[in-house]
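Below, each chain spelled out in residue letters.
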Protein chains: 2
Amino acid sequence: MDRRNFLKNVGIGAAAGTATLITSAPAIAATPKIKWRLASSFPKTLDTVYGGGEDFCKRVSELSEGNFEIRSFAAGEIVPALQVMDAVKDGTIECCHTAPYYFFGKNEAFAFDCSVPFGMTARAQNAWMYYGGGQKLLADFYAQYNIVALAAGNSGCQMGGWYRKPIKTVADFKGLKMRVGGFAGRVLEKLGAVPQQIPAGDIYAALEKGTIDAAEWIGPHDDEKLGLYKVAPNYYFPAWWEPSTQFSVMINKKEWDKLPKNYQQILEVAAAETNVRMLAEYDFRNPTALAKLQKGGAKLSAFSNEIMEASFKATNEVLEETAAKNPDFKKIYEPWRQFRNLEFQWFNVTEQAYAKFAFSKKLGK
Amino acid sequence: MDRRNFLKNVGIGAAAGTATLITSAPAIAATPKIKWRLASSFPKTLDTVYGGGEDFCKRVSELSEGNFEIRSFAAGEIVPALQVMDAVKDGTIECCHTAPYYFFGKNEAFAFDCSVPFGMTARAQNAWMYYGGGQKLLADFYAQYNIVALAAGNSGCQMGGWYRKPIKTVADFKGLKMRVGGFAGRVLEKLGAVPQQIPAGDIYAALEKGTIDAAEWIGPHDDEKLGLYKVAPNYYFPAWWEPSTQFSVMINKKEWDKLPKNYQQILEVAAAETNVRMLAEYDFRNPTALAKLQKGGAKLSAFSNEIMEASFKATNEVLEETAAKNPDFKKIYEPWRQFRNLEFQWFNVTEQAYAKFAFSKKLGK
């Protein structure tokens, strides 16, 4: 550290109101004491995704030797689950950890920072975000909300939900009351389904009573806790509407701009670690959870090709309609689609040839 | 920071011979000045993998505000490519960035920290390493080499190499002189191939002259630079011997133990970021490189199912033979195999159903 930087850093320390320093030590770094709050959109019962936000906070504290502390709050503790983005935008809290598609109703473009029907897999999403221009496109979008967003976690491809009766053809979606939101809901409406908004805690009772016919949630590890296999045992895949779901840390831009450079870097690197580790944790937890669900009576089936094709067609219509109406969406959608198409062509080569052969092998335990 | 920690940290600063401090400032963190050297096993022309090591060093410097500096050296600059592990073990250098299977000849168990035929995909590898017990098993193994290893990069599933003539059946491997090493070579020998060790820079000439019949390298982005499509245009996939190749930072354990806790944490988090970003960079670069190779005349084909089945059978024999001879290998192999099998069953459900449908769609540009 040179003298100028050293003095600047001492200044930061003093500004935090804690440092009085007489020294000639160039190896001493001044690190301001900062305390932030992070509002999660998730309850503690969603241990992997809520835990990802907690791990992020812990890492930030460690890397700053306890000087930059972010306290994590579960959904509803300080901000309701679906209001965390507004709270960050308005500066009520400094940051949140959320699934950006929760704000699809405000602007469909939030979905690109999270999950889009027939969109990116987890690896393609990372390639797009880190190298394919995704971060830049999203930064421009988020500027209007006074937010800096960092990718911080992924669930991988989710499951297609729990159904009271088998779903074999597109006709089976006609009139189907299904707990599903956002983009997926808009596409499923085209197939005749009737999307319902129901909090997680009420899904079981609604399925049991028959108030709804179906519900999608996340994947085996999280689904198991809701026990839906007991009341709607038909468990379909894939959730073509969530081929990967990326979670993000959103930060109030004014607070971000106030941070010293190395604290911004700490946030970036902690988010990247959360991004890779949360996906690994889901990939670790889902296999055993699926086995338990099947043992408990879940009947596992793939959506038929007819359903997949009809869903794909309906998705493309919704994407085009949305792009025609929403310029923010259109601006991201066009390069996003081009990137997705190129990635999928590549993933269909060596990755898919290996996967197709190896995943279907009878390998024993 | 409490007084005790503060004094301890001042002690660290003083030990580094740079700090003289009279202060009552609890917000000042002491960070010793440390300079390390990292020997890469890769030349600078392998920009993505060599670059991953450089990015790692840069992040460590940023997170420590320039106090922990690791200088990156390309293969051969200070240590030959294949001697970096020994140099770290012996303490000649503090750390290296390498593909651990380069040390397969010393002990086959190194392959688990990198790539095993019919082994983990990149996501399964991360699940195993971070949550499935892989890191712990490998830490026990590396202890005998006085090394701490951190996963730091992945190439994804590699390509199956360049062949002068089409390879349609297992019989086509009989007598085939192929540039391929380590585990893959041992399996391909069972199919009748004759593995050859040739440095990257000599592959082109050897294929042109017909000294060898085939060569495997990495994937489209790196392969393109060698120009092999001009002399051996038959480009096969998948490299069932490298369904993902993980790179690692290896650190001399005595040097690791000397570090303050937060510097160890900086190394861990920088490695995790390198791990996710390098794979994303390969996934970003490979699609356009493949398109260029095909335009240049590369003839893209999948290995036939007969070849895949014979390779799988031969691989299982080699794995079992190796486990019978090498207790280090056996200790990791058994839980590794169990984990792989469970992961593959799960990946064959929703991820694979989505991939199969979406990747094969004619999506246009």
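Thresholds, definitions, all that
Residues numbered from 1 in each chain as written. Chains lettered and ligands numbered in written order. Predicted model: local features only at pLDDT ≥ 70, side-chain atom pairs only at ≥ 80, totals over all residues. Heavy atoms only, no water. Helix = DSSP H or I, 4+ residues; strand = E, 2+ residues; numbered from the N terminus. Contact = heavy atoms within 4.5 Å. Areas by Shrake-Rupley, 256 points an atom, 1.4 Å probe, with all protein chains shown as cover. Lys, Arg positive; Asp, Glu negative; His and termini not counted. Charge placed at Lys NZ, Arg CZ, Asp CG, Glu CD. Buried < 20%, exposed > 50% of the residue type's maximum accessible area, 1.4 Å probe, protein only. Right-handed = clockwise from strand over helix to strand, strands pointing away. Pairing = 2+ DSSP bridges. Salt bridge = Lys/Arg side-chain N within 4 Å of Asp/Glu carboxyl O. pLDDT = per-residue confidence, 0-100. Buried area = accessible area lost by both parts, 1.4 Å probe. Polar contact = N/O pair within 3.5 Å; in protein donor to acceptor, adjacent residues only side chain to side chain. Nonpolar A, V, L, I, M, F, W, Y, C, P; charged D, E, K, R; others polar. Least-squares fit on C-alpha atoms with pLDDT ≥ 70 in both. Axes fitted to C-alpha atoms, helices over the stretch in contact; angles between N-to-C directions. Parallel < 35°, antiparallel > 145°, perpendicular 65-115°, else oblique. Core = buried A, V, L, I, M, F, W, Y, C linked by side-chain atoms within 4.5 Å.

Under an unreviewed UniProt entry, the name given to chain A is ABC transporter substrate-binding protein, and the organism recorded is Fluviibacter phosphoraccumulans.

Undergrad: Lay out the overall build of chain A in plain terms, naming residues and giving numbers.
TA: Broken down by element type, chain A carries 13 helices and 13 strands. Summarising the internal contacts of chain A: among those between residues at least 6 apart in sequence, 77% fall at separations of at least 24. Taken as a whole, chain A presents about 13,700 Å² of accessible surface, with 51% of it coming from carbon and sulfur. Across chain A, the centroid of the 44 positively charged side chains sits 2 Å from that of the 39 negatively charged ones.

Undergrad: Lay out the pairing of strand β3 (residues 34–40) of chain A in plain terms, naming residues and giving numbers.
TA: Residue and element names in this part refer to chain A. A large share of β3 lies buried, amounting to five of its seven residues. Read as a crossover between parallel neighbours, the route from β3 over helix α2 (residues 47–63) to strand β4 (residues 68–73) is right-handed. For β3 and strand β5 (residues 95–98), the ladder comprises three bridges, and the chain directions are parallel. The residue of β5 that forms the bridge with S40 is H97.

Undergrad: Summarise the sheet that holds strand β10 (residues 214–215) of chain A; cite the residues concerned and give the values.
TA: Where strands meet in a sheet, backbone hydrogen bonds hold them as pairs that are either parallel or antiparallel. Residue and element names in this part refer to chain A. Strand order across the open sheet formed by six strands is β9-β8-β10-β7-β11-β13, with mixed pairing between neighbours. Bordering the open sheet on either side are β9 (194–196) and β13 (299–302), each of which pairs with just one other strand. Taken together, the two bridges between strand β8 (residues 177–179) and β10 define a ladder with parallel strand orientation. Paired with M178 across the two strands is A214, which belongs to β10.

Undergrad: Can you tell me about the pattern of salt bridges, naming the residues and giving the values?
TA: Residues and elements named next belong to chain B. With the rule as written, the count across this model stands at 52 salt bridges over all chains. A salt bridge links D140 to K136; the shortest N-O distance between them is 3.0 Å. Residue D140 and its partner K136 are both found in helix α5 (residues 134–143); the two are separated by four residues, about one turn of the helix. The shortest N-O distance in the salt bridge between E255 and K258 comes to 3.2 Å. Highlighted residues: E255 and K258, both in helix α9 (residues 253–258), separated by three residues, approximately one helical turn.

Undergrad: Could you give me a rundown of the confidence of the model for chain A, with the residues and numbers involved?
TA: Residue and element names in this part refer to chain A. Of the residues in chain A, 92% have a pLDDT of 70 or more, and the chain-wide mean is 92. Taken together, the stretch residues 1–29 has pLDDT below 50 and engages in 58 contacts with residues farther than four places along the chain or on a different chain. Reported confidence for the predicted complex is 0.92 by ipTM and 0.92 by pTM.

Undergrad: Just give me the short version of the interface of chain A and chain B, but keep the residues and values in it.
TA: Chain A puts 93 residues into the contact, and the matching count from chain B is 93 residues. Both faces considered, chain A and chain B share a buried interface measuring about 8,700 Å² in area, 64% of it formed by carbon and sulfur atoms. When the buried area of chain A at its contact with chain B is split by residue, Y131(A), Y354(A) and F359(A) rank highest and sum to 10% of it. At the junction of chain A with chain B, the criterion picks out six salt bridges. Taken together, the connections running from chain A to chain B amount to 18 residue pairs in polar contact (both at pLDDT 80 or more). Among the elements of the structure, β1 (21–23), β2 (28–30), α2, α4 (122–130), α10 (261–295), α11 (305–325), α12 (327–347) and α13 (350–359) of chain A are those that each provide at least two residues to the side of chain A that touches chain B. For the side of chain A that touches chain B, the leading source of residues is α10(A), giving 19 residues. When grouped by side-chain class, the residues that make up the side of chain A that touches chain B number 50 nonpolar, 26 polar and 17 charged.

Undergrad: Describe in detail helix α6 (residues 182–190) of chain A, supporting the description with residues and values.
TA: All names here are of chain A. By the burial criterion, the buried members of α6 are F183, A184, G185, V187 and L188. Buried-residue contacts for α6 involve β8, β9, α11 and α12. Following α6 by one or two positions, G192 adopts a phi angle in the positive range, close to 105°.

Undergrad: Pulling in residues and values, what's your account of the relation of the copies chain A and chain B?
TA: Of the transformation placing chain A onto chain B, the axial shift is 0.0 Å and the rotation is 180°, giving an RMSD of 0.0 Å. Here the copies are linked by what is in effect a two-fold axis. An overlap of 100% is found between the interface residues of chain A and their copies at the interface of chain B, pointing to a shared contact surface.

Undergrad: Please set out the pairing of strand β4 (residues 68–73) of chain B residue by residue, giving values where relevant.
TA: Bridge analysis of strand β3 (residues 34–40) of chain B against β4(B) gives six bridges, and the strand direction is parallel. Looking at β4(B), one finds that L38(B) is bridged to S72(B).

Undergrad: Before we move on, could you go through the side chain of T121(A) and cite the residues and values that matter?
TA: You can see T121(A) is positioned in the loop between β5 and α4. By relative accessible area, T121(A) is classed as buried at 8%. With residues up to four places along the chain from it excluded, the contact list for T121(A) reads P243(A), S244(A), F344(A), Y354(B) and F359(B).

Undergrad: Describe the packing of helix α11 (residues 305–325) of chain B against helix α12 (residues 327–347) of chain B, with residues and values.
TA: Residues and elements named next belong to chain B. Running from N to C, α11 and α12 point in directions that differ by 130°, and their axes come no closer than 6 Å. As the angle between them shows, α11 and α12 are arranged oblique. Where α11 abuts α12, its residues L319, E320, T322, A323 and K325 lie against P327, F329, K330, Y333 and R337.

Undergrad: Can you tell me about the nonpolar core, naming the residues and giving the values?
TA: Counting residues in hydrophobic clusters, the biggest one holds 101 residues, and the most contacted among them are F112(B), W128(B), Y163(B), F173(B) and M250(B). The element that contributes the greatest number of residues to this core is α12(B), accounting for eight residues. Residues V116(A), W128(A), V231(B) and A358(B) belong to the second largest nonpolar core, which totals 100 residues.

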